[in-house]
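Chain residues, written in single-letter form:
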Amino acid sequence: MAALGAGRAAAAAAGLLRAPGLGVWRGLGSSAALLQQAQAKPHKAEGTFQVTMLPGDGVGPELMHSVKEVFKAGNVPVVFDEHHLSEVQNTASEEKLDRVVDSMKESKVALIGKIHTPMEMSHKGDLASYDMRLRRKLDLFANVVHVKSLPGYQTRHNNLDLVIIREQTEGEYSSLEHESVKGVIECLKIVTRAKSQRIAKFAFDYATKKGRAKVTAVHKANIMKLGDGLFLQCCREVAELYPKIKFDTMIIDNCCMQLVQNPYQFDVLVMPNLYGNIVDNLAAGLVGGAGVVPGESYSAEYAVFELGARHPFAQAVGRNIANPTAMLLSASNMLRHLNLEYHSNMISDAVKKVIKGGKVRTRDLGGYSTTSDFVKSVIDNLHPHYGA
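The structure presented is a predicted model; accordingly, all values stated were derived computationally and were not measured.

Parameters and conventions
- Residues numbered from 1 in each chain as written.
- Predicted model: local features only at pLDDT ≥ 70, side-chain atom pairs only at ≥ 80, totals over all residues.
- Heavy atoms only, no water.
- Helix = DSSP H or I, 4+ residues; strand = E, 2+ residues; numbered from the N terminus.
- Buried < 20%, exposed > 50% of the residue type's maximum accessible area, 1.4 Å probe, protein only.
- Contact = heavy atoms within 4.5 Å.
- Axes fitted to C-alpha atoms, helices over the stretch in contact; angles between N-to-C directions.
- Parallel < 35°, antiparallel > 145°, perpendicular 65-115°, else oblique.
- Left-handed = near helix turned anticlockwise from the far one by under 90°.
- Polar contact = N/O pair within 3.5 Å; in protein donor to acceptor, adjacent residues only side chain to side chain.
- Core = buried A, V, L, I, M, F, W, Y, C linked by side-chain atoms within 4.5 Å.
- Pairing = 2+ DSSP bridges.
- Expected span 1.5 Å × (residues − 1).
- Salt bridge = Lys/Arg side-chain N within 4 Å of Asp/Glu carboxyl O.

**Section: the environment of L150**
Phase 1 of the analysis: If you trace the backbone, L150 turns up in the loop between β4 (142-148) and β5 (161-167).
Phase 2 of the analysis: What makes L150 buried here is its relative accessible area of 8%.
Phase 3 of the analysis: C-alpha separation for the pair L150 and V351, spaced 201 residues apart in sequence, amounts to 9.9 Å.
Phase 4 of the analysis: Setting aside residues no more than four positions away along its own chain, L150 makes contact with V292, T325, L329 and I355.

Here's what the structure looks like:
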């Protein structure tokens, strides 16, 4: 354990991101870091992890209920510190946002639903949504969406396995808009060398640790020669530090077409904010839609687990038809981040077994089962792991 701690210190000295913010890494001393974290934090009970929960809007609360039911059935040693933040329901405020941040400072880990952003301006001054403000306060710069086909569910492209990494603290979502003269709006896209290098390094570190062979930088530098040009230049500079990882580039519009025609050519894709948001959702559609793809966001200190395609499914609210697969898989990834490997595998294996069986499927996957039916089936498939 001392060696792991020393390795972590060495990694930090070398400029690598700290392990708590990169739960995907096992090789950067994350076990030691998580143990120190667990000893430092007050838990509800010995051996129990506290996790911040933010149900969000749409079917978020229903999906979180599904997670709680499965965790309870699986005796998962996690206690949720639940907070409610919604611009749609007018329950969002700076005070509540600060409470969420305070909770995150204790737990370091969160499970969140989609915080829907209304198109109408509900206030003057800061144009940033509460979702964006939370990302900035926690510096959640890296969004990771692992798009992987689910065995037993057939789509146009099967056996897909690609990762989309998105910088999500600047770019087009900088919330810097103003009316320069009447009828003319200027929307500023911010690209910085520091953040472009940081996300590029994150992508190559991810590829290295996960045994991935290639990183593709997605851009529009042919048109935005300075902004996207800087992002592309930073990716190229970082790529030179990783000679074992193949590097190529692709213009965003061509990337979207290639993803639909031949997604197998991709491994890890790294891109600025807006492109990542679009490609996340496009890629999710290749394997079954927003209901089956988990996502996660990292800073150097925090890890947030969420849906890969941020869709509130407002039309499904209260109808017991939402697919809980993505949220359950995200919760499983969260448990792996906490080093609860047994519980993580137990839940992900149960979810995949239900989908592979094909008898219990929600409407988005062509079935007629309810959310409750799916959760019950998952719980039934937890028991064999306990020898029941």
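Additional details are given in the paragraphs that follow.
**Details of the packing of helix α10 (residues 325-337) against helix α11 (residues 341-357)**
Phase 1 of the analysis: Close contact between α10 and α11 brings their axes to 7 Å; oriented N to C, the two are set at 160 degrees. Taken together, the axis directions place α10 and α11 in an arrangement best described as roughly antiparallel. Note that α10 runs across α11; the crossing there is left-handed. From α10, T325, L328, L329, S332, N333, L335 and R336 reach across to α11, where they touch E341, H343, S344, N345, I347, S348, V351, K352 and I355.

**So, the side chain of K108**
Phase 1 of the analysis: Positionally, K108 belongs in the loop between α4 (94-107) and β3 (109-112).
Phase 2 of the analysis: Here K105 takes part through its backbone oxygen, which lies 3.3 Å from a polar atom of the side chain of K108.

**Notes on the nonpolar core**
Phase 1 of the analysis: Ranked by size, the top nonpolar core spans 93 residues in total, and within it F71, V78, L111, I165 and M334 carry the most contacts.
Phase 2 of the analysis: If you look at the next biggest cluster of nonpolar residues, it comprises 15 residues, including L54, L85, I112 and L140.

**Overview of the pairing of strand β6 (residues 177-181)**
Taken residue by residue, a regular strand's side chains alternate between the two faces of the sheet.
Phase 1 of the analysis: Here β6 pairs with strand β7 (residues 184-187) via four bridges, running antiparallel. When the sheet's bridge partners are listed, E179 is paired in β7 with I185.
Phase 2 of the analysis: Joining the antiparallel neighbours β6 and β7 is a turn of two residues, in which G183 adopts a positive phi near 85 degrees.

**Regarding helix α6 (residues 193-209)**
Phase 1 of the analysis: The end-to-end C-alpha distance of α6 is 24 Å, a good match for the 24 Å that 17 residues give at a rise of 1.5 Å each.
Phase 2 of the analysis: Residues of α6 that are buried include every one of S196, I199, A200, F202, A203, F204, D205, Y206 and A207, and no others.
Phase 3 of the analysis: Positive backbone phi, at 70 degrees, marks G211, one or two positions downstream of α6.

**Some thoughts on the pattern of salt bridges**
Phase 1 of the analysis: Under the defined criterion, the tally for this structure stands at 14 salt bridges.
Phase 2 of the analysis: Close ionic contact of D139 with R198 constitutes a salt bridge, the shortest N to O distance being 2.8 Å. Here D139 is found in the loop between α5 (130-138) and β4, whereas its partner R198 is found in helix α6, with 59 residues between them in sequence.
Phase 3 of the analysis: Between K189 and D228 there is a salt bridge, with its nearest N and O atoms 2.5 Å apart. Of the two residues, K189 sits in the loop between β7 and α6 while D228 sits in helix α7 (residues 227-239), which places them 39 residues apart along the sequence.
Phase 4 of the analysis: One network of salt bridges, with partners in common, ties together D161, R212 and D267.

Just distances and angles here, no functional claims.
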